[in-house]
Amino acid sequence: TWDANRRARTELIAAQCALAINNAVAHRSLPLSSLGHLLERMGWHSPRQSLPRWGAAMAAFIAIVAWLALYPADFRITGRGELQPATQRDVFATVRGVVDTIQVRHGDAVHLDEPLVTLRSPELERERTRLEGQLRTTEQQVADLATLRAGSSREFSSSPENSVQLAAREQELTAVLQSVQDQLAALKRYEAELTLTSPLTGQVLTWNVEELLEGRPVEAGQRLLTVADVNGPWLLRIRIPDHDIRHVLDASEESGPLQVSFVMATDVETQYRGTVTDVAQIVDYDPLEGPVVVVTAKVERTEGLDLRPGATVYPYIECGRRCIGYVWFRRLIDSTKSWLAL
């Protein structure tokens, strides 16, 4: 039978056991506890066996660290890029108006000064109508004055005042007529600029030209088309993350122009080459990649290279050689340095 004394002793033992079990569960949940149990089963805690094994493990660890710190490897900075012709020119609207006619489409080959787009300006049309009306009125006034002077009576000819007034009026109308003619000549030059021509011999790069421009109102200075010389040099524009650009700049200062290797998105097995020619001094923001710096590289023309404007490529910039540990764990090391510097 359970008397009060035995029950009290049992409850005391139960409390001690519960505390021990709770401590055991907490100890087992500690990080690396499973590794400790494994080492214990392997005999690493044995005084006779632990020392040689720990020595071998330490030697292996030191060898790995030394290899990571001393073994050199190629250090490459990657990014995303696209191919573009080196020579490109934009075509801008010269006046505010409406696109009237479009003579080209995307991908069309064009020649220098070939018409591309014709604009229509209601403001210029109204101004032409006003000037032409003023010109006709002034010409009629000049003709009437000439008739008056030719058929003037003796009364007018005998009056010096009338002769002076007619001469002054004739001079005034002549000045007005010359001004209107000059304005019409200037207006014709403006109207000639309504026909936008190609700034070079090349290819139209703008996509969906008709859908983009047909019948659309435009402002003076608005870009309408882009024409590029696809037969000339080509460039590779690479977007490098802002946190990686310092490696490119440092390597460029140490060794001069850097080499670029890249593969096409449509052909990842063939590698092509280029040379860095410029690093932008400003940081752009890419919606997908965040802050980026544009690096420009000159592309070497190679047989099989698919030169299409805007073609996506996967490049990497060769920035010399660094220890393989930094090459592999660069982001972790740089993040740690940044954290320690705060």
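Because the structure is a prediction, the values reported are computed rather than measured. (Residues numbered from 1 in each chain as written. Predicted model: local features only at pLDDT ≥ 70, side-chain atom pairs only at ≥ 80, totals over all residues. Heavy atoms only, no water.)

With respect to the sheet that holds strand S8 (residues 202-204)
1) Next: One open sheet accounts for 4 strands, arranged S3-S10-S8-S5; its pairing is antiparallel. The open sheet is flanked by strand S3 (88-92) and strand S5 (109-110), the only strands paired with a single partner.
2) Next: In this sheet, S8 lies alongside S5 in antiparallel orientation, the contact comprising 2 bridges. Counted as the bridge partner of valine 110 is glycine 202 from S8. (Pairing = 2+ DSSP bridges. Helix = DSSP H or I, 4+ residues; strand = E, 2+ residues; numbered from the N terminus.)

Brief notes about a nonpolar patch on the surface
1) Next: A cluster of nonpolar side chains, contributed by Trp67, Tyr71, Trp328, Phe329 and Leu332, occupies part of the molecular surface with about 580 Å² of accessible area.
2) Next: If one sorts the elements of the nonpolar patch by residue count, helix H9 (residues 324-341) sits on top with 3 residues.
3) Next: Structurally, phenylalanine 329 can be placed in helix H9. (Patch = residues over 30% accessible without salt bridge, like charges linked within 9 Å, V, L, I, M, F, W, Y side chains within 5 Å. Areas by Shrake-Rupley, 256 points an atom, 1.4 Å probe, with all protein chains shown as cover. Salt bridge = Lys/Arg side-chain N within 4 Å of Asp/Glu carboxyl O.)

Topic: the side chain of aspartate 286
1) Next: Mapped onto the elements of the fold, aspartate 286 is located in strand S14 (residues 284-286).
2) Next: A polar contact of 3.0 Å, which involves the side chain of aspartate 286, links it to the backbone nitrogen of glutamate 289. (Polar contact = N/O pair within 3.5 Å; in protein donor to acceptor, adjacent residues only side chain to side chain.)

Notes on the pairing of strand S2 (residues 80-85)
Residues in a regular strand project their side chains so that they alternate between the two faces of the sheet.
1) Next: The sheet contact formed by S2 and strand S11 (residues 234-241) spans 6 bridges and is antiparallel. Bridging from a neighbouring strand, proline 85 pairs with tryptophan 234 of S11.

Focus on the environment of arginine 128
1) Next: Relative to the assigned elements, arginine 128 resides in helix H4 (residues 122-150).
2) Next: Each C-alpha atom of the pair arginine 128 and leucine 187 lies 7.2 Å from the other, and the pair is 59 residues apart in sequence.
3) Next: If we ignore the near neighbours within four places in the chain, the residues touching arginine 128 are Leu187, Lys188 and Glu191. (Contact = heavy atoms within 4.5 Å.)

Observations concerning the packing of aromatic side chains
1) Next: Applying the stated criterion to the full structure yields 5 aromatic pairs.
2) Next: Among the aromatic side chains, those forming a connected cluster through ring pairs are Trp67, Tyr71, Trp328 and Phe329.
3) Next: Sitting over the face of the ring of phenylalanine 75, arginine 322 holds its NZ or CZ atom 5.3 Å from the ring centroid. (Phe/Tyr/Trp six-rings, centres within 6.5 Å; stacked < 30°, edge-to-face > 60°. Lys NZ or Arg CZ within 6 Å of the ring centre and 35° of its normal.)

Notes on the sheet that holds strand S7 (residues 195-197)
1) Next: An order of S7-S6-S4-S9 is seen for the 4 strands of this open sheet, with the pairing classed as antiparallel. Sheet topology places S7 and strand S9 (217-218) at the edges, where each strand pairs with a single neighbour.
2) Next: By the bridge criterion, 2 bridges tie strand S4 (residues 97-102) to S9 in an arrangement that is antiparallel. Looking at the pairing, glycine 97 lines up with valine 218 of S9.

Some points on unusual backbone geometry
1) Next: Phi angles above zero are rare outside glycine, and aspartate 113 is one such case at about 70°.
2) Next: Counting through the fold element by element, aspartate 113 comes out in the loop between S5 and strand S6 (115-120).
3) Next: For asparagine 208, which is not a glycine, the phi torsion comes out positive at approximately 55°.
4) Next: Among the residues examined, asparagine 208 registers a relative accessible area of 32% and is labelled partly exposed. (Buried < 20%, exposed > 50% of the residue type's maximum accessible area, 1.4 Å probe, protein only.)

Describing the confidence of the model for the chain
1) Next: In this model, the chain carries a mean pLDDT of 83, and residues with pLDDT of at least 70 account for 85%.
2) Next: Here helix H5 (residues 154-157) stands out as the element of the chain with the lowest mean pLDDT, 48, in contrast to strand S10 (residues 223-228), whose mean of 95 is the highest. (pLDDT = per-residue confidence, 0-100.)

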